[in-house]
Amino acid sequence: MAPLLLWLLLLPPPAALGDLRPEQLLVLTVATEANEGYERFLRSAQRFNYTVKTLGMGQEWRGGDVARTVGGGQKVRWLKEAMEPLKAMGDLVVLFVDSYDVLLAGGPRELLSLFAAAPPPGVLFRPRPSVGPRGRSRAPTPRPPPRGKPFLNSGGFMGFAPAVWRLVERWRYRDDDDDQLFYTHLYLEPQLREELGLALDHHSRIFQNLNGAIDEVVVKFEPGRVRVRNVAYDSLPIVIHGNGPTKLQLHYLGNYVPGGWSPEGCGDCDHGLRDLRGAPAEALPWVLVAVFVEQPSPFLPLFLRRLLRWRYPGSRLRLFLHNREPHHEPHIATVWPRLQRHFASVRMVGPEEGLEPGAARDMGMSLCRQDPQCQHYLSLDADVALTHMGTLRALLKQNRWVLAPLLSRPGHLWSNFWGALSPDGFYARSQDYVDIVQGKRRSVWNVPYVSHAYLIEGAVLRGPLGAEPVFSQSDTDPDMALCQRARETGLFLHVTNREHFGHLLVTSHYNSSRRHPDLLQLPHNTQDWEQQYLHENYSRIFQESLYEEPCPDVFRFPLVSERFCRELLEEAQEYGTWNQEQAGVHSVALSRLGLDGLWMGALSRYLAPIARKLFPGYQHKGRAVLSSVVRYRPSPTPEEAPPLPAATVSVSLGLSPPQGGGWRFPRYDCGVLGPPPGWVLLHPGRLTHRPELLPPPRGTRFALVTLLEP
């Protein structure tokens, strides 16, 4: 009994427990490398000014694969060595926790206050709801208090230094022996439990294990802080441990606690930022940009041209491009000479190589891994529209090991990240997913899955991810294989929505058998369609009243780009069958070209607002009496041309440069030349504006004529 009496004499009197000060608390943790989990733990400790000492940093781990089997004894040995010089410090409280899967949610004063209110001084362990295979013993388990968790978890405990020393000095085992079983046997032995003063935090006042308790835990937003709340015990635990298979839930909580996102904003988004301001080109990181064209993708030339407009010097960029689609070879060939001049080096693997998507991604990643000069690897799929030309700089500035820009389909919740995983490893919607996609919460988020576009540090490729192929040795989707490898190696996958970077394209409606498949993408990829096919001055119609009125109630204004006109005309000419309407006038109905739905959609979306501005009260219903590509040539006979068909509203879009000719409105004795390409002539019809055709005196003129009825 003498050692027990000596231990009791070293402890402070009960009255002094309530007077514990933060400087009396020492946090001991274990880590052999400074990975992202360890850095997250340190940030949480530094936020509350904890004093932390790390055991084992830089040493070889010989404690076994504790994620899959028993082990962890090396932690006890390190703790024993650290506690020996502290064993006589009776007023020192020691908190021992893991680090890779732990964060601290409250400060030292609160922690010590909760410790002082716990059972009589000794060592207070984390509880767990079930025993698990590592903690089984034949000894009976002490009866817990009502609704309390009955079993011990070895991942964290706290006590006065003499008590902790008396506990760990009993360790006499190998580094790969089971620390959980060691502590459990001591706790289950009644005499040792009493002698060592062992107790459990049954109601999670201090320690919160997530394994088996995910449904008990919620994020609680308070003014100026965010906490983890245990709703089962109405407690605000301090030490949050993502033990077992709950690492992803800890990542979710770590996005908020202790200093992540809150209604006041993003607390720690700016930690570790890389300052690129004013850096000369030669000082900027080298980046390998890997582009993957694995399926027919809309607006690929636009995607490639955007690469040339990044706000980042091409002299610090290398390009790897894998194209699996023969359909896209001419699109790439058009832009390739400019890419060659822009990037420091380029390499392309075409469809003739027969490279599978996984193997192609492994090749691109290997190019960076094997190049010591490659500091970052940016992977881009062809269905990504990076409209923010500073995206690469923004990702580099954020300075994460793996970081994706958040991209979603406009107007939809489909995005390039998952907020949670289902039990079988596929998509599950997290509670905050919608708010993140819609930009209601903006931060840098730790998530289980990213795809389509992501930046990886070159050191990560040469380190944690390893030299083995990542994508091609898995039966899953390539991006899922990458994310699974990252999760297994402890890498954090981040996605940021601090800025708007762009969007994802819809590829399922892309018909590569058409001559100009991008032309039909208006209902599916509206933003990109507008950039390519809407007239560059369209918005000026509303902002500056950019329109002409050459005759009463006859208006002329820009609507679509010359590219739209050129491609529509090529579709009509490829069809080849023109119907003669009258001498010198031939037409092809848009319905014959399969483009009538596209054009009516464009009129409803873009012409209707103009019509309401020019003709107040007019409501466009979108019913077309006639909609055709019309070819006008000089009339071979001098006879007067018959009147043109008319409707309530007439729309004529110029498709080719004017060659003279146009329309005359007899009621007003006023003539109008045919509009230039991309410009529209809009006027009423019927009695007031029934037009007469003025054929071109020379050459050929093309127009898209549409007659609309309400």
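Definitions and cut-offs
Residues numbered from 1 in each chain as written. Predicted model: local features only at pLDDT ≥ 70, side-chain atom pairs only at ≥ 80, totals over all residues. Heavy atoms only, no water. Axes fitted to C-alpha atoms, helices over the stretch in contact; angles between N-to-C directions. Helix = DSSP H or I, 4+ residues; strand = E, 2+ residues; numbered from the N terminus. Parallel < 35°, antiparallel > 145°, perpendicular 65-115°, else oblique. Contact = heavy atoms within 4.5 Å. Nonpolar A, V, L, I, M, F, W, Y, C, P; charged D, E, K, R; others polar. Buried < 20%, exposed > 50% of the residue type's maximum accessible area, 1.4 Å probe, protein only. Pairing = 2+ DSSP bridges. Disulfide = S-S within 2.5 Å.

**Q** Now, about the packing of helix α9 (residues 300-307) against helix α16 (residues 526-533): what can you tell me, with residues and values included?
**A** To describe two helices that pack against each other, one gives the angle between their axes and the distance between the axes. Following both chains from N to C, one finds α9 and α16 inclined at 80°, their axes separated by 11 Å at the closest point. As the angle between them shows, α9 and α16 are arranged roughly perpendicular. Residues L302, R305 and R306 of α9 form the contact with α16, whose own contacting residues are D528, Q531 and Q532. When its residues are assigned to classes, the contact of α9 with α16 shows one nonpolar, two polar and three charged.

**Q** Explain unusual backbone geometry to me, using residue names and the numbers behind them.
**A** A cis amide bond links V257 with the next residue in sequence, P258, at an omega value of -5°. Inspection of the secondary structure puts P258 in the loop between α8 (247-254) and β12 (261-262). In this structure, N49 is a non-glycine residue whose phi angle is positive, near 65°. Taking relative accessible area as the criterion, N49 reaches 65% and is therefore assigned exposed.

**Q** Give a detailed account of the environment of N211, specifying residues and quantitative values.
**A** Checked against the element boundaries, N211 lands in the loop between β8 (207-209) and β9 (217-222). Residues N211 and T246 lie 35 residues apart in sequence; the distance between their C-alpha atoms is 5.8 Å. Every residue in contact with N211, bar those within four places of it in the chain, is listed here: P129, N243, G244, P245 and T246.

**Q** I'd like a rundown of the sheet that holds strand β16 (residues 345-349), residues and numbers included.
**A** The strand order across the open sheet formed by eight strands is β16-β15-β14-β17-β25-β19-β26-β23, and the pairing between neighbours is mixed. Each of the sheet's edge strands pairs with one partner strand only, and the pair in question is β16 and β23 (444-447). Across the sheet, the axes of successive neighbouring strands diverge by a mean angle of 20°, strand direction being ignored. Alignment of strand β19 (residues 402-405) against strand β25 (residues 453-457), held across two bridges, turns out to be antiparallel.

**Q** Tell me what's going on with the state of the cysteines, and back it up with residues and numbers.
**A** Two cysteines joined by a covalent bond between their sulfur atoms form a disulfide. Under the defined criterion, the tally for this structure stands at three disulfides. Counting only the cysteines that form disulfides, in the order they appear in the chain, gives the pairing 1-2, 3-4, 5-6. With no disulfide of its own, C483 has C368 as its nearest cysteine by sulfur position, at a separation of 17 Å.

**Q** Describe in detail the sheet that holds strand β7 (residues 198-200), supporting the description with residues and values.
**A** If you trace the six strands from one edge of the open sheet to the other, you get β2-β1-β3-β6-β5-β7, paired in mixed fashion. The open sheet terminates on both sides in strands that have one partner only, identified here as β2 (52-55) and β7. Sheet twist, expressed as the mean angle between neighbouring strand axes with direction ignored, is 25°. Pairing geometry for strand β1 (residues 25-30) and β2, over four bridges, is parallel. If you follow V27 over to β2, its bridge partner there is V52. The sheet strands contacting helix α2 (residues 36-47) are β1, β2 and β3 (93-97), and the helix crosses β2 at an angle near 160°. Helix-sheet contacts for helix α6 (residues 179-188) involve β5 (123-128), β6 (151-160) and β7, and the interaxial angle to β6 is about 75°.

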